[in-house]
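# Understanding the architecture of this molecule
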Amino acid sequence: MSTFSSGPWSGYMAELYASRRPPQPLGTVSPEKIEAMAKEKLKDYGGSFMYAGGSAGTNKTYENNLKAFSKYGIKPKMLVDAVTRSIETTIFGKKYPSPLLLAPIGVQGMLHPDGEEAAARAAAARNIPYIMSSASTRSIEDVAAANGDGDRWYQLYWPLHDEVTLSLLQRAEACNFTTLVVTTDTMLLGWRPHDLDISFIPFVHSVGCQVGRSDPVFMKIKPAFPYDGAPVDKAFAEGNVEAKLKMFFGQAWLGEANFRTWEDLEFLKKNWKGKIVLKGIQTREDAEKAIQHGLGLGDGRLTGLSPSLYALESISKSHAVQEAKKQGFTVMFDSGIRTGPDILKAVAIGADAVLLGRPFIYGLTVGGQEGVEQVIRHTLGELDNVLGLSGYPDLMRDVHGKAEEVLQKIDL
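Here the structure is a predicted model, which means the values were calculated and not measured. (Residues numbered from 1 in each chain as written. Predicted model: local features only at pLDDT ≥ 70, side-chain atom pairs only at ≥ 80, totals over all residues. Heavy atoms only, no water.)

This paragraph deals with the packing of helix 5 (residues 115-125) against helix 16 (residues 358-390). Two numbers describe how helix 5 lies on helix 16: the axes approach to 8 Å, and their chain directions differ by 15°. Considered as vectors, helix 5 and helix 16 are oriented roughly parallel to each other. The handedness of the crossing between helix 5 and helix 16 comes out as left-handed. In this structure, helix 5 uses Gly115, Ala118, Ala119, Arg121, Ala122, Ala123 and Ala125 to contact helix 16, whose residues at the interface are Phe360, Leu364, Gly368, Gln369, Val372, Glu373 and Ile376. Residue composition of the contact of helix 5 with helix 16, grouped by class: nine nonpolar, three polar and two charged. (Axes fitted to C-alpha atoms, helices over the stretch in contact; angles between N-to-C directions. Helix = DSSP H or I, 4+ residues; strand = E, 2+ residues; numbered from the N terminus. Parallel < 35°, antiparallel > 145°, perpendicular 65-115°, else oblique. Left-handed = near helix turned anticlockwise from the far one by under 90°. Contact = heavy atoms within 4.5 Å. Nonpolar A, V, L, I, M, F, W, Y, C, P; charged D, E, K, R; others polar.)

As for its position among the elements, Thr90 is in strand 2 (residues 89-91). Residues Thr90 and Ala353 lie 263 residues apart in sequence; the distance between their C-alpha atoms is 8.8 Å.

Further remarks concern the environment of Lys317. On the secondary structure map, Lys317 appears in the loop between helix 13 (308-316) and helix 14 (319-326). Overall, the relative accessible area of 53% leaves Lys317 in the exposed class. Setting aside residues up to four positions removed in sequence, Lys317 forms contacts with Arg284 and Gln322. (Buried < 20%, exposed > 50% of the residue type's maximum accessible area, 1.4 Å probe, protein only.)

The subject of this paragraph is the packing of aromatic side chains. Using the criterion set out here, one finds four aromatic pairs in the structure. Aromatic side chains Phe69 and Phe333 sit 6.0 Å apart centroid to centroid with 80° between the ring planes, which places their arrangement in the edge-to-face category. One end of the pair, Phe69, is in helix 4 (residues 60-70); the other, Phe333, is in strand 10 (residues 332-333), and 264 residues separate them in sequence. With respect to class, Phe69 is no different from Phe333; both count as buried. When the centroid spacing of 6.0 Å and the interplanar angle of 80° are considered together, the rings of Tyr154 and Phe177 count as edge-to-face. Of the two residues, Tyr154 is situated in strand 6 (residues 152-156) and Phe177 in the loop between helix 7 (162-174) and strand 7 (179-183); the sequence distance between them amounts to 23 residues. Taking the ring centre of Phe177 as reference, the NZ or CZ of Arg152 above it sits at 5.7 Å. (Phe/Tyr/Trp six-rings, centres within 6.5 Å; stacked < 30°, edge-to-face > 60°. Lys NZ or Arg CZ within 6 Å of the ring centre and 35° of its normal.)

Strand 7 sits mainly inside the fold: five of its five residues count as buried. On strand 7, burial covers both faces: Thr179, Val181 and Thr183 on one face and Leu180 and Val182 on the other are all buried. Judged from the four bridges that link them, strand 6 and strand 7 form a sheet pairing that is parallel. Across the sheet, Trp153 pairs through a bridge with Thr179, a residue of strand 7. Two strands pair when backbone bridges link them, and strand 7 and strand 8 (residues 275-279) are joined in this way by five bridges, in the parallel orientation. Opposite Val182, over in strand 8, you have Leu278 as the bridge partner. (Pairing = 2+ DSSP bridges.)

This part is about the environment of Val331. One can find Val331 in the loop between helix 14 and strand 10. Residues Val331 and Gly350 lie 19 residues apart in sequence; the distance between their C-alpha atoms is 7.5 Å.

Ranked by size, the top nonpolar core spans 82 residues in total, and within it Tyr154 and Phe177 carry the most contacts. The dominant element in this core, judged by the number of residues it contributes, is helix 16, at 11 residues. Beyond its immediate chain neighbours, meaning those up to four positions away, Phe177 contacts Met132, Ile140, Val143, Ala144, Arg152, Trp153, Tyr154, Ala172 and Trp272. (Core = buried A, V, L, I, M, F, W, Y, C linked by side-chain atoms within 4.5 Å.)

The subject of this paragraph is the confidence of the model for the protein chain. Low-pLDDT portions of the prediction should not be read for the details of their coordinates. Across the protein chain, the average pLDDT comes to 86, with 84% of residues at or above 70. The low-confidence segment residues 215-221, where pLDDT is below 50, has 13 contacts with residues more than four positions distant or belonging to other chains. For the stretch residues 299-305, pLDDT sits under 50, and the model shows 30 contacts to residues farther than four places along the chain or on other chains. (pLDDT = per-residue confidence, 0-100.)

For the coordinates displayed, the defined rule picks out 17 salt bridges. With a shortest N-O distance of 2.7 Å, Glu40 and Lys43 are connected by a salt bridge. Since its relative accessible area comes to 47%, Glu40 is described here as partly exposed. Between Glu373 and Arg126 there is a salt bridge; the shortest N-O distance is 2.9 Å. Of this pair, Glu373 sits in helix 16 while Arg126 sits in the loop between helix 5 and strand 5 (130-132); the two residues are 247 residues apart in sequence, bridging distant segments of the chain. Salt bridges sharing common partners tie together Glu313, Lys317 and Lys409. (Salt bridge = Lys/Arg side-chain N within 4 Å of Asp/Glu carboxyl O.)

Quick look at the structure:
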C-alpha cells in the first residue's frame, strides 16, 4: 500500500489503523489530551505537575513559543514521489534515525515512580539520544545503566566549586555520556509564581539532588512517589534528624548554583573530552561568541523573551553561523516543540536537531517508559507523514535550512 512508507516511523500510523484500537498506552496522540491526563493524575500532589508543566513569570514566553509556530505555514509541493521518506540526520559526525533528542528535565521521580530510568530506557529503545538533567532523581550511574547501549548526553548546572564540577564530569565520562550540555540561562531559580505561592521547591527536601549527593549508599535511595513535601516540613519543624539532613543537603546543592562567564568555558573545554553544547543561547551575538569558543548551541527558557523560534531565525541568518555550520557548527532547538510539523518548521529555519521536552514528560507521567516511547513514535510518525503530504521526501536534503522555499509567514 503506497500510502505508507517503509521507514521506521511511518509504520506507526499503519500499525494503529491495523490494530483497530486507540494508541497504547496513552489512548491518544493528542499532546493536549496527554497533558490533561498528566495533570489529572498528579492533581492531589501539590506542585508536582506544575514543576514540570509550569513556566516562569506570567507564562508569556511559554505561550509565545507555542504561538510562534502558527506564524509559519508549510508550502506543499504536489506530484512528488514521496513513497520512501527519510528523517535521518547527522549530529557531531554520528548518524541518527531522526533529529529528535529528549530534553533535560529534572525531578522526573516526582512524575512517575521510575523517574529518569524509564525515560532513559525509552530513549534507548527508540534510538533517541537522552539528555540527563543535573537535577535528576537518579544518579548518573543509574541513568547510564537504564540507558544501556543508548546514546546519552549530560546536562550541567555548573557548580560553584570546581572540584564538584570535575567530579560530575569524571562520573559522566566514566558512564559513557558523550556530550556535555551546559545550561547558561538558569544560574539561579527562575521567578515561578505557581511554585512561590505554595513554597514548592523539591530540592530542599533532597528531591532532585541525587546527582549532588554522591554517597554510594545514598545514591541507591530513590525518592518516595508520589512526592509530598509537607511531611518533611512537619518533621523538620519537630526536629527530626533525617528531615534536617535532607534540608541541609538540599540547600547545599542549591547553593552550588553560580554565575559564570565566557572565559570560564576554558575550564570545561580542558576537562571534558567530548563535545560541548551551550543551552540557553537566544541572540545572534551570543551564537557568534559560541563559535569563537568552539561550541555548539541549544536555546533556553527565561520569562519575557521573544519566541525561541524567532531567535532561531535570527541566529540562522548570521553569516558567521552559516560559515561555521559548513565546518560542523551545530544548532539545536528547544522550546515549544509539540508536533511533527513543529519539527519540520524548526529544521527549515535552521535547526540541525530539536529537543522534545514537556510532551515526553507528560507521556512518562501517564504511561511510564511505554508512554515515553509512544510520544516519540507518534511525534516522529507525524513528522514522516507531513513530509510525505508536503512533497519533501528527505528532511535534511529537502527542508533543512530552506525556510524561504519551504515555509510561508502567516499574518492572521
